[in-house]
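Coordinate analysis (summary)
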Amino acid sequence: MIDGSIKQAIAKAVEYAHPFYAYRLPGSDNVIFRAEGNAADALEVFVVHPFAVDAPSRIINGNMSADEFIDAEININNDIITASNSTATKEEYIEIINSTVARIKSGAMQKAVISNTKIIDNRLSSEQWADAFAELCIKYPNAFVSFFYSKSTGFWIGATPEVLVNATGTVFTTMALAGTKLSNPPSEWGKKEIEEHRFVCTYIENILNESNIKFECTPVFTKNAGHIDHLCKQYTCKCREFSGIKSLLETLHPTPALCGLPFSESYNFINFTEKHDRRLYCGYIGPMVDGFSMNIFVNLRCIQFDRKHICLYAGGGITCDSIPENEWIEIENKMNTTLKIINKL
C-alpha cells in the first residue's frame, strides 16, 4: 500500500508538470518519491538514458520529499513534450517482420528487436495517474515500477522486469532476459525463444570476459512478468572500482534483448525500418548514488503520456524462425499488460 502523501505528491507533480521521480524496487514495499527543488543537489539522482547510444543521459535531481513538495509553492508548466508518435498498422508491422526475417536469412544479421507503438487518448486525471502507479506496484511486485517527469523527457510510467546493472560498492548483478510466451496455459519453450535468449547470454558473457570480469551465473530459469513469461539468466560480478561498473553499463547498452546482433547492423536496421522514435523505450532508468550504488533497469513495459495522448511501446526479438503473425500477437500481449491497468481506472 502506497503512503497517501506519496500519491498526493505524485498527483501534484503530474498536475503541475514539475520534475520528479517515484519508484519501487523489485520485491520491496518501500516507495521512494523525490521532486526537484532549490536546495543543494541530492545524494541520490535518477538516471534516464534513451535507446539511442549517442544521446546523453538525463539526470533528475530530487531534493524534496513528498511532504515538502506538497507544501511547496510551485508554478504550473504547460510546455510538455508530446507523447504522440508514429505507429505501424498490423499489416505494416507484419511486412516489417517479413523483411527482417529475410534480412536475417541473408546472413546480414542474426537477430533484430522490432518494436511498435499504440496511441490512445489520455482521459486520466492527475489523481488517476497516481492511482495507476499504485496499481502497478500491487500488480507487479517483482518488477521495477517507476514514474518520472522532466522537461527534457516528458512523463513516463512503467513496470519493467529487466535489470541492466544493480550494484553496491564494487559488486554488481546483471541479467540476460529474452524470449516471451504467455504464462497460461502452461507451455514448453520453443526453439526460437531459446535461441533468442542464447544470443543475449553469449553477448553478456563475451563483454564480461573481454573486460576481465569474473562472474557467477544461475541456470536459465523462467521469469514471470504479469501474464507473460521470459527466459532469464542472472550474473553476479565484481569490479575493481565503482567507476568500472559505470563504464560497463555504457558498454552493455543496448543488449541483443533490446537491439539485436551484430550490434551495428541491427541498430541501423531498427533506426531505418521502425516507423516511430523509440525515445526512452529500451533505454535505461533508475536511481544512482555515485561512487556507492545503482539500480539501473531497462525501460520496458512503459508508457509516455502528455495532456492529450498516451503512447504505449512494446517489441519482440526476431530470428530466422520468427512467424510474423505470432510476433504481432506477442507485442499486443505486452502492451495489453500495461493497458489493462489504465482501462481499470
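Overview of the structure. Keep in mind that this is a model prediction, so the values were computed, not measured.

Overview of the environment of Asn-271
By the secondary structure assignment, Asn-271 is in helix α7 (residues 263-273). Given a relative accessible area of 47%, Asn-271 falls into the partly exposed group. Separated by 219 residues in sequence, Asn-271 and Ala-52 have C-alpha atoms that sit 9.3 Å apart.

Topic: the sheet that holds strand β7 (residues 154-160)
Strand order in the open sheet formed by eight strands is β2-β1-β6-β7-β16-β17-β5-β13, with antiparallel pairing between adjacent strands. The strands lining the two open edges of the sheet, one partner per strand, are β2 (31-35) and β13 (260-261). Where strand β1 (residues 20-24) meets β2, five bridges bridge the pair, whose relative direction is antiparallel. What sits directly across from Tyr-23, in β2, is Ile-32. With respect to the sheet, helix α1 (residues 4-16) is in contact with β1, β2, β6 (144-150), β7 and β16 (302-305), its orientation differing from that of β2 by roughly 40°. Contacting β5 (111-121), β16 and β17 (309-318), helix α8 (residues 324-344) runs over the sheet at an angle of about 145° to β17.

Concerning empty space enclosed by the protein
Scanning the entire structure with this criterion turns up two cavities of 30 Å³ or more. Lining the largest cavity are 20 residues, with Leu-177, Ala-257, Leu-300, Gly-315 and Lys-334 positioned closest to its centre. Among the secondary structure elements, those contributing two or more residues to the lining of the largest cavity are β9 (171-182), β17 and α8. Approximately 30 Å³ is the volume attributed to the second largest cavity. Taken together, Trp-129, Ala-132, Leu-136, Ile-157, Ile-303, Thr-338, Ile-341 and Ile-342 make up the full set of residues lining the second largest cavity.

Here is what the cut-offs are and how they apply
Residues numbered from 1 in each chain as written. Predicted model: local features only at pLDDT ≥ 70, side-chain atom pairs only at ≥ 80, totals over all residues. Heavy atoms only, no water. Helix = DSSP H or I, 4+ residues; strand = E, 2+ residues; numbered from the N terminus. Buried < 20%, exposed > 50% of the residue type's maximum accessible area, 1.4 Å probe, protein only. Pairing = 2+ DSSP bridges. Contact = heavy atoms within 4.5 Å. Axes fitted to C-alpha atoms, helices over the stretch in contact; angles between N-to-C directions. 1 Å grid on protein atoms, 1.4 Å probe; cavity = no way out; pocket = protein on both sides within 12 Å on 5 of 7 lines; lining within 4 Å. Points joined across faces, edges and corners; volume = space filled by probe spheres on them.

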